[in-house]
Amino acid sequence: VWSCAVIVITRLAKIFGAVAPSLLSFAARIVLPLKRRLGWTAPPDGETVDDATLRPQVLALLGTCGETDVGAEAVHHCEAYLCAAHETGTRLNLKAAFGSACPACGSLDAPPSASVRSVALREGLVNKPALWPRLLQRLSKAVNAEERDQLVAAIAGHSDRTSVDEWVDDVLGKDGRPPALPAQEWATLFSGLARNRSHPRIAWDAFVRH
């Protein structure tokens, strides 16, 4: 039931949030108790399939609503994902490993699991645009299909219009150059552009150019 409700609220927030900011605040208040219960990671003793499905939906909705705590947490998780000192893809116990925060990135968070990584990357970049070059660098090295899709979608949501336009022109090929992005990832690229909250027309403009 909650999953269906969150999907509907998310659609309403995306459609009407720009003209009715109070809707975003109202939506955030509805789902914040869920976020406090679910957090970013599953509990050690496991969880239901419903909770595992609901977690990224709730986090994504709160990101859309501009909830500040979720934005800050997303930055920490994104930095943990990008940190070379972390064992990316594992649930590293940083307190046990370092005795305190990670000495490289200052985070106590483990890299986000694949199920919430898309939210961490997208909202992390929205709330800290300086992560842009590091995400581009990670994309250039990533080989896992799911991870690449999540990176492409996150990068496409960057707030710097000029940087995104130049990147899109580069990866889709320009001036006779071959595309740098595999064709099977183009749909993900345009989906990410369409969800860019800073530039609603960027996906259409890129489509027209290419």
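These numbers come from a predicted model, not from an experiment. The residue numbers shown here count from 1 along each chain, following its written sequence. Restriction of local features to residues with pLDDT of at least 70 applies here, the model being predicted, together with a cutoff of 80 or more for giving and counting side-chain atom pairs; totals for whole chains, interfaces and linings are based on all residues. To get the side-chain values, take all heavy atoms of the structure and skip hydrogens and water.

Caption draft 1: Structural context of helix α2 (residues 21-38). Here α2 spans 25 Å end to end across 18 residues, near enough to the 26 Å set by a 1.5 Å rise per residue. To obtain the bend at a residue, axes are fitted to the seven residues ending there and to the seven starting there, and the angle between these axes is taken. Under the DSSP-based scheme used, a helix requires at least four consecutive residues in state H or I and a strand at least two consecutive residues in state E, with every element numbered from the N terminus. Along α2, the largest kink reaches about 40 degrees and is centred on V31; proline P33 follows within four residues of it. Turning to α2, its buried residues number three or more, namely L24, A27, A28, V31, L34, K35 and L38. Should any heavy atoms of two residues lie within 4.5 Å, those residues are counted as being in contact. For α2, the elements touching its buried residues are α1 (2-16), α3 (49-64) and α4 (68-82). Take the number of residues in a helix, subtract one, and multiply by 1.5 Å to get its expected span. In this scheme, a residue with accessible area under 20% of its type's maximum is buried, one over 50% is exposed, and one in between is partly exposed, where area comes from a 1.4 Å probe on protein chains only.

Caption draft 2: Highlighting the packing of helix α7 (residues 132-141) against helix α8 (residues 145-155). For helices, the axis comes from a line fit to the C-alpha atoms of the stretch in contact; other axes are also lines fit to C-alpha atoms, and the angle between any two N-to-C directions lies between 0 and 180 degrees. Running from amino to carboxyl end, α7 crosses α8 at an angle of 150 degrees, the nearest separation of the two axes being 10 Å. Between α7 and α8, the angle falls in the class roughly antiparallel. Considering only the axes of α7 and α8, their crossing is left-handed. Note on element contacts: α8 touches α7 through E147, R148, L151, V152 and I155, opposite W132, L135, L136, R138 and L139. Residues are sorted three ways: Asp, Glu, Lys and Arg are charged, Ala, Val, Leu, Ile, Met, Phe, Trp, Tyr, Cys and Pro are nonpolar, and all the rest, Gly among them, are polar. Of the residues in the contact of α7 with α8, the class split is 7 nonpolar, no polar and 3 charged. Relative orientations are named as follows: roughly parallel for angles under 35 degrees, roughly antiparallel for angles over 145 degrees, roughly perpendicular for angles from 65 to 115 degrees, and oblique for any other angle. Working rule for handedness: look at the near helix, and if it is turned counterclockwise from the far one by less than a right angle, call the crossing left-handed; if clockwise, right-handed.

Caption draft 3: Broad picture of the packing of aromatic side chains. Here a pair means two rings of Phe, Tyr or Trp (six-membered ring of Trp) with centres within 6.5 Å. Their orientation is stacked below 30 degrees between planes, edge-to-face above 60, and tilted elsewhere. As enumerated under the stated definition, the model contains 3 aromatic pairs in all. With centroids separated by 6.5 Å and ring planes inclined at 80 degrees, the aromatic side chains of F190 and F207 adopt a geometry described as edge-to-face. Highlighted residues: F190 in helix α10 (residues 186-194) and F207 in helix α11 (residues 202-209), separated in sequence by 17 residues. Since its relative accessible area comes to 23%, F190 is described here as partly exposed.

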